[in-house]
Amino acid sequence: MCIRDSDNSARLDRETVDELFAAEIISSATKMGAFAACPYQHFAKYILKLKERKEFKLKPLDLGVFYHSVLDALLKKLRRSNKDFASIADKELLEILREQISGFVQTDSFISHFVRHSAHNSFIIHTAAEALEDCVLAITQMVRAGSFKPQLSEVSFDNYQIALSQGQRLILKGKIDRLDTTDVNGEKIGLVFDYKRSAKPFSWSQFYHGLDMQAGIYMSAVREASGLKCNIEKVAGAFYMPVEREIKSVGIDESPVKKDSFNYKAKGIFNGQYSDQLDSILSSGWSKFYNFRVTSKDKQYGNYSVSGALKPGDFEKVLRFTKEKIVQLAEEIISGSIDISPYRLGGKSPCTYCKYKPVCRFDWQINDYNSLTSLGKTEVLERIGSIDG
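Residues numbered from 1 in each chain as written. Predicted model: local features only at pLDDT ≥ 70, side-chain atom pairs only at ≥ 80, totals over all residues. Heavy atoms only, no water.

Right, let's get into the overall build of the chain. Tallying secondary structure elements over the chain gives 13 helices and 14 strands in all. Dimensions of the chain, computed from C-alpha atoms along their principal axes, come out at roughly 65 × 60 × 50 Å. In the chain, the proportion of contacts linking residues at least 24 apart, taken out of those at least 6 apart, comes to 71%. Taking the average place of the 54 positive charges on the side chains of the chain and the average place of its 49 negative ones, the gap between the two points comes to 2 Å. (Helix = DSSP H or I, 4+ residues; strand = E, 2+ residues; numbered from the N terminus. Contact = heavy atoms within 4.5 Å. Lys, Arg positive; Asp, Glu negative; His and termini not counted. Charge placed at Lys NZ, Arg CZ, Asp CG, Glu CD.)

Below, the discussion takes up the pairing of strand β8 (residues 267–271). With four of five residues buried, β8 lies mostly within the body of the structure. Two strands pair when backbone bridges link them, and strand β7 (residues 234–242) and β8 are joined in this way by four bridges, in the antiparallel orientation. By the bridge assignment for β8, Phe239 is matched with Gly268. Of the pairings in the sheet, the one linking β8 to strand β12 (residues 309–310) comprises two bridges and is parallel in character. Bridge pairing in β12 places Asn271 opposite Leu310. (Buried < 20%, exposed > 50% of the residue type's maximum accessible area, 1.4 Å probe, protein only. Pairing = 2+ DSSP bridges.)

The subject of this paragraph is the sheet that holds strand β11 (residues 299–302). With antiparallel pairing, the three strands of this open sheet are ordered in space as β9-β10-β11. Edge strands, defined here as strands with exactly one partner in the open sheet, are β9 (285–286) and β11. Sheet topology places β9 next to strand β10 (residues 293–295); two bridges connect them, and they run antiparallel. Bridging across to β10, Gly285 finds its partner in Val294.

Where helix α2 (residues 29–37) meets helix α11 (residues 312–334), the axes come as close as 10 Å, and the angle between the chain directions of the two elements is 70°. By the angle between their axes, α2 is roughly perpendicular relative to α11. Note that α2 runs across α11; the crossing there is left-handed. Residues Met32, Phe35 and Ala36 of α2 lie in contact with α11, whose contacting residues are Ile326, Leu329, Ala330, Glu332 and Ile333. Taken together, the residues that form the contact of α2 with α11 break down as seven nonpolar, no polar and one charged. (Axes fitted to C-alpha atoms, helices over the stretch in contact; angles between N-to-C directions. Parallel < 35°, antiparallel > 145°, perpendicular 65-115°, else oblique. Left-handed = near helix turned anticlockwise from the far one by under 90°. Nonpolar A, V, L, I, M, F, W, Y, C, P; charged D, E, K, R; others polar.)

Note on placement: Ser153 falls in strand β4 (residues 149–163). A polar side-chain atom of Ser153 sits 2.4 Å from a polar atom in the side chain of Asp72. In contact with Ser153, other than residues within four places in its own chain, are Asp72, Leu75, Lys76, Ile176, Asp177 and Arg178. (Polar contact = N/O pair within 3.5 Å; in protein donor to acceptor, adjacent residues only side chain to side chain.)

On to the pairing of β4, then. Remark: a regular strand shows side chains that alternate across the two faces of the sheet. Here eleven bridges tie β4 to strand β5 (residues 169–184), and the two strands are oriented antiparallel to one another. Considered in β5, the bridge of Phe157 is made with Gly174. In sequence, β4 turns back onto β5 through a hairpin of five residues, with Gly167 there showing a positive phi of about 95°.

Membership of the largest hydrophobic core comes to 122 residues, with the highest contact counts inside it found for Phe66, Phe85, Leu132, Trp204, Met241 and Tyr290. Considering each element in turn, this core owes the most residues, twelve residues, to helix α7 (residues 119–145). Apart from the residues lying within four places of it in its own chain, the contact partners of Tyr290 are Met142, Phe193, Phe239, Lys265, Ala266 and Leu278. (Core = buried A, V, L, I, M, F, W, Y, C linked by side-chain atoms within 4.5 Å.)

Moving on, we get to the packing of aromatic side chains. All told, the structure shown has 18 aromatic pairs when counted by the stated rule. Aromatic pair Phe202 and Trp204: ring centres 4.9 Å apart, planes at 80°, arrangement edge-to-face. Overall, the relative accessible area of 10% leaves Trp204 in the buried class. Ring centres of Phe262 and Phe289 lie 4.9 Å apart, and the angle between their planes is 85°; this geometry places the pair in the edge-to-face category. Highlighted residues: Phe262 in the loop between β7 and β8 and Phe289 in the loop between β9 and β10, separated in sequence by 27 residues. Phe289 shares its class with Phe262; the two are buried. Among the aromatic residues, those joined into a ring-pair cluster are Phe193, Phe239, Phe270, Tyr290 and Phe292. One residue, Lys377, lies across the ring of Tyr304, its end atom 3.6 Å from the ring centre. (Phe/Tyr/Trp six-rings, centres within 6.5 Å; stacked < 30°, edge-to-face > 60°. Lys NZ or Arg CZ within 6 Å of the ring centre and 35° of its normal.)

This brings us to the environment of Ala215. Within the secondary structure, Ala215 sits in helix α9 (residues 214–224). A relative accessible area of 6% places Ala215 in the buried class.

Next up on the list: the side chain of Ser307. When you line up the elements, Ser307 lands in the loop between β11 and β12. Accessibility expressed as a relative area gives 3% for Ser307, which makes it buried. Apart from the residues within four sequence positions on either side, Ser307 is in contact with Trp286, Asn291, Phe292, Arg293, Gly302 and Lys377.

With that settled, consider helix α3 (residues 39–47). Across the nine residues that make up α3, a large majority, seven, are buried. Inspection of α3 places Pro39, Tyr40, Gln41, His42, Phe43, Ala44 and Tyr46 among the buried residues, and these make up the whole buried set. Elements that come into contact with the buried residues of α3 comprise β2 (10–12), α2, α11 and α12 (357–360). The first or second residue beyond α3 is Lys49, which carries a positive phi of 55°.

Before going further, it helps to spend a moment on a nonpolar patch on the surface. A surface patch of nonpolar side chains, about 210 Å² in accessible area, is lined by Leu48, Leu50 and Val359. Structurally, Leu48 can be placed in the loop between α3 and α4 (63–80). Given the relative accessible area of 35%, Leu48 is considered partly exposed. (Patch = residues over 30% accessible without salt bridge, like charges linked within 9 Å, V, L, I, M, F, W, Y side chains within 5 Å. Areas by Shrake-Rupley, 256 points an atom, 1.4 Å probe, with all protein chains shown as cover. Salt bridge = Lys/Arg side-chain N within 4 Å of Asp/Glu carboxyl O.)

These figures capture arrangement, not role.
Take a look at the structure:
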């Protein structure tokens, strides 16, 4: 089935590859990232579908599922009622949110049993509900600051296809947490949001090395995939938004909260020509809501090396590189590569939490990691093409 060398390189034979990927390879941002992290991990999880031996234990509560489900229900309820985050009163919005939370707790069998099990469990859900209230009010502030409006949630795509060199098709699937739109000069522009429990920055290193291509893949899917239930001509960007407020440490004599503080800043990358549509309130300094800065000299491209804003040419290069990278990874997958070659980047490795260590036999004392270089925005843009001036 496979050929394995002493240096932990391994490859599936041609017959097996043809059987697995004769006409197409179906993948996702998560699967692509797993292959970039370690080809053998991808092989074990998605091809062999190896699983840990089942043990009797209580299923842990996944607050991420709770958050996503309630936020999805909230947006769908607002759309059915012809209401939106920009114009609805905060009091009415919170009332609708509480209805969705109550409905989900009552109808979801796991959550309902979880809440009834103990007062402690009930307190956990109550605290999560309060976190959602704060998050939803933060979303209203962000929406009111610009012209993008939430339109769709839990948007699935399964028809983003790319032709590969050997005649196969790469079919990418995924689900976008929230898709906002605005109209600019008669064109519908889309903006992708992905909810995270806590704040998450966009990592240029992980993007360049293929470890986290989610933002690029989702933007490309919005622009190129069919069947998204909305006719979007262009995509403006993609952001990670925290559901739980960012906790910051302060000194004993410091005030823990500033009156104008905003703890839900969305972090990601976007085409800077749409900065006004994101935050029309901002005239100078860092945006309260997004990771970009306006200066008198560089306008919306201030502090360019650490800003999420991209000049239009650089934005297109990022999308082009995304497509080139996922094609490269897909070609490696269908070549049969299953090397036991985990990456190492800034002291981090996928081996730390890998479930397949008992079968891969990777030994850090003998075998070499796939050492990757840490890169910032400027370095990545230079590598994928000259920076747009």
